[in-house]
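# Breakdown of the fold
So you can see what is in the structure, the chains are spelled out below.
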Amino acid sequence: MMILYWHPASPYVRKIRIAVQLLGLAGRFEMRDADVNDPGDPLRQQNPLSKVPTLVRENGSALYDSPVILEYLDHLAGGGCIIPREPEARFAALRLQALCDGALDANYLLMCEDWYRTPEQRVARWVDKQAGKIERALDTLEAAPPDLSGMPNVGQIALACLLGYRDFRFDGTWRETHPRLHAWYDAFAAAVPAFAATIPSSG
Ligand SMILES: N[C@@H](CCC(=O)N[C@@H](CS)C(=O)NCC(=O)O)C(=O)O
């Protein structure tokens, strides 16, 4: 049995949980709660960065971070499932994943401002810089939402989790200003039952 260190609020973990369902691998994992801030948490023995998701394989070796785990899951499922084999489609999916993961990182850094700094310690230029990344990413995606047919790829999964995280932590303010993404998001949610089954919570 593989072990997935997780937290219910993490959008990066959500990507993995969706892929596990899509690829029919659910029975092969044990989910283990992790406290990324606890030096005594066993997660630290597996991942020096102490981040979720971290996957411990049956041979005991750990994999991180989420794109690496997704590549492993795709491999387990036979390959070419959530990471297309054809080069153009493959690099489009990987680029979309990089864009959405980068925007997720900026969202996470904004949350860290609340968690780790007092209002007096905040630096507006830094906050604005992260907000700008998110805004430009969403605007770029709104101009040309990805296709959505067949098995979702890693880029589409990352986009759904990015928008879901905006709902969870930032009140879904993207919806009104990004109507094409809103329609894309609804279509993804309708096509992928694992999306509704993995709605984030604070845990
Ligand atoms: N690039 C990583 C990001 C993972 C990540 O930042 N996870 C957060 C939870 S949402 C975490 O574990 N944070 C703990 C920390 O940064 O110390 C991935 O894609 O897996």
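Here the residue index of a chain counts from 1 through its sequence in written order. The predicted nature of this model means local features are confined to residues of pLDDT at least 70 and side-chain atom pairs, given and counted, to a pLDDT of 80 or more, with totals for whole chains, interfaces and linings taken over all residues. The basis for the side-chain values is all heavy atoms of the structure; hydrogens and waters are excluded.

### Digging into the domain arrangement of the protein
- We note that the domain assignment places domain 1 (2-76) and domain 2 (87-193) within the protein.
- Note that domain bounds follow an automatic or database assignment of domains. The distance between the C-alpha centroids of domain 1 and domain 2 comes to 21 Å.
- Taken together, the contacts link 14 residues of domain 1 with 18 residues of domain 2.
- Two parts placed together each lose some accessible area; with a 1.4 Å probe, that loss summed over both constitutes the buried area. Area buried by domain 1 at its contact with domain 2 is led by Tyr12, Lys15 and Leu22, which between them contribute 40% of it.
- Any Lys or Arg side-chain nitrogen located within 4 Å of an Asp or Glu carboxyl oxygen qualifies as a salt bridge. Taken together, the links from domain 1 to domain 2 amount to one salt bridge.
- A salt bridge links Lys15 to Asp101, with the shortest nitrogen-to-oxygen separation between them at 2.8 Å.
- What counts as a helix is a DSSP run of H or I of at least four residues, what counts as a strand is a run of E of at least two, and both are numbered from the N terminus. Secondary-structure elements contributing two or more residues to the side of domain 1 that touches domain 2 are helix H1 (11-22) and helix H3 (66-76).
- The dominant element in the side of domain 1 that touches domain 2, judged by the number of residues it contributes, is H1, at seven residues.
- Side-chain classes follow a simple rule in which Ala, Val, Leu, Ile, Met, Phe, Trp, Tyr, Cys and Pro form the nonpolar group, Asp, Glu, Lys and Arg form the charged group, and the remainder, Gly included, forms the polar group. Classifying every residue of the side of domain 1 that touches domain 2 gives nine nonpolar, two polar and three charged. Only heavy atoms matter for contacts: two residues are in contact if any of them lie within 4.5 Å across the pair.

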